[in-house]
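A look at the structure
Next come the chains, spelled out residue by residue.
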Amino acid sequence: MRYREGGRLDTSGVSDRRGRGGMGGGRGIAVGGGGLGLVGLLIVVVLQLAGGGGGGGGGAALGGLSGLGQGETTDNTALDQRCQTGADANDSVECAVVADVESIQDFWTTALGNRYQPTDTVFFQGSVQTSCGGASSGSGPFYCPADQLVYIDLTFFDQLQQQFGAQGGLFVDAYVLAHEYGHHVQNLLGTNAQVTPGETGPTSGTVRLELQADCYAGAWANHAETVPDESGAPLIEEINADDISRALDAAARIGDDFIQENLGSGRVDQNAFTHGSSEQRQKWFTTGYETGDPNQCDTFGTDDLG
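This is a predicted model, so every value here is computed, not measured. (Residues numbered from 1 in each chain as written. Predicted model: local features only at pLDDT ≥ 70, side-chain atom pairs only at ≥ 80, totals over all residues. Heavy atoms only, no water.)

The backbone phi angle of Gln148 is positive, close to 55°, even though this residue is not glycine. Residue classification places Gln148 among the buried positions, given a relative accessible area of 4%. (Buried < 20%, exposed > 50% of the residue type's maximum accessible area, 1.4 Å probe, protein only.)

This part covers the environment of Asn90. Among the secondary structure elements, Asn90 is positioned in helix α3 (residues 86–91). What makes Asn90 buried here is its relative accessible area of 15%. A sequence separation of 87 residues divides Asn90 from Tyr3, and the C-alpha atoms of the two residues are 6.1 Å apart. Among all residues touching Asn90, those that are not within four sequence positions of it are Met1, Arg2, Tyr3, Glu5 and Leu170. Polar side-chain contacts of Asn90 include one of 2.8 Å to the backbone nitrogen of Tyr3. (Helix = DSSP H or I, 4+ residues; strand = E, 2+ residues; numbered from the N terminus. Contact = heavy atoms within 4.5 Å. Polar contact = N/O pair within 3.5 Å; in protein donor to acceptor, adjacent residues only side chain to side chain.)

Between the first and last C-alpha of helix α4 (residues 93–112) there are 28 Å, a value that for 20 residues agrees with the 28 Å anticipated at 1.5 Å per step. Counting buried positions along α4 yields 15 of 20 residues, so the element is predominantly enclosed. Near the N-terminus of α4, the side chain that reaches the backbone nitrogen of Glu94, with its oxygen 3.4 Å away, is that of Ser92. Immediately beyond the C-terminal end of α4, within one or two residues, lies Gly113, with a positive phi of roughly 65°. (Expected span 1.5 Å × (residues − 1).)

All right, on to helix α6 (residues 170–189) then. Its 20 residues give α6 an end-to-end C-alpha distance of 29 Å, which sits within 8% of 28 Å, the value for a rise of 1.5 Å per residue. Trailing α6 by a residue or two, Gly190 shows a phi angle of about 80°, which is positive.

Here, disulfide denotes a covalent bond that connects the sulfur atoms of two cysteines. The tally for this structure, following the rule as stated, stands at 3 disulfides. The disulfide that involves Cys83 links it to Cys95, with 2.0 Å between the sulfurs. What sets the handedness of the Cys83 and Cys95 disulfide is the S-S torsion sign, and at about -80° it is left-handed. Of the two residues, Cys83 is situated in the loop between α2 (77–82) and α3 and Cys95 in helix α4; the sequence distance between them amounts to 12 residues. Here Cys83 matches Cys95 in class, with each residue buried. One disulfide in the model links Cys132 with Cys144; its S-S distance is 2.1 Å. With the S-S dihedral at roughly 95°, the linkage between Cys132 and Cys144 falls on the right-handed side. One end of the pair, Cys132, is in the loop between β4 (127–130) and β5 (133–136); the other, Cys144, is in strand β6 (residues 142–144), and 12 residues separate them in sequence. (Disulfide = S-S within 2.5 Å.)

As structure tokens, then:
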């Protein structure tokens, strides 16, 4: 994956809280939308829609920092200095994520028109306070419907390779972000209202929500090389076959069955599924990528999830 060297990066879609504040109070760890659910599947009960609900989240202002805990602040000064062009994105993971967020939101603005409302990705380190409660890096990346923000500790990308054995790479990182923004889209469209919080199982609404977010990530990937930024040119210059292969490898390693068998008890329990099997996650990412059409991502309207 490569970014256009001369493309200008816009850091306004990121709120940098790294090294500031701590866990603070709240309603406990809540992974709204489930994130990629890696460590969360092993450590905490994933609370779908925690603090949110259908459509409107928790009523918090879009892109606002209502989840700020005591002592937490956001300061993009250093990020603005480091991440200015696509060349910076090609050399730096944090700058690549800035570019990803911009491209993903440009895609959804085009796809949904005024139904899409941009929101921020919060960079944090170690722990963070959200409107869904306190969260740690162990929760993995997640979306909080209550404040409608995406949260990520960038060290997660190293964990994905070291703990889960994923090949990794810039496009895998982009897939992670696109999945989380898929949850934001679901929240805006009211898809969340179709899901019973805490429901589990191979055909549960929880799994359908996650597989749809994978499909939405694939749909963005299909258009990523053509989605124009404010200059009218695409910010992402190239996504190649190796990038897609790496994304499918990552999808396989974050399936419920893979995690249960390799990082859990060693026994696969479909009744505990919250994100779908490895095969299902690969299937729905591929569906989005091959069609480029979010309308083909209706995991709630089919009996065949793969």
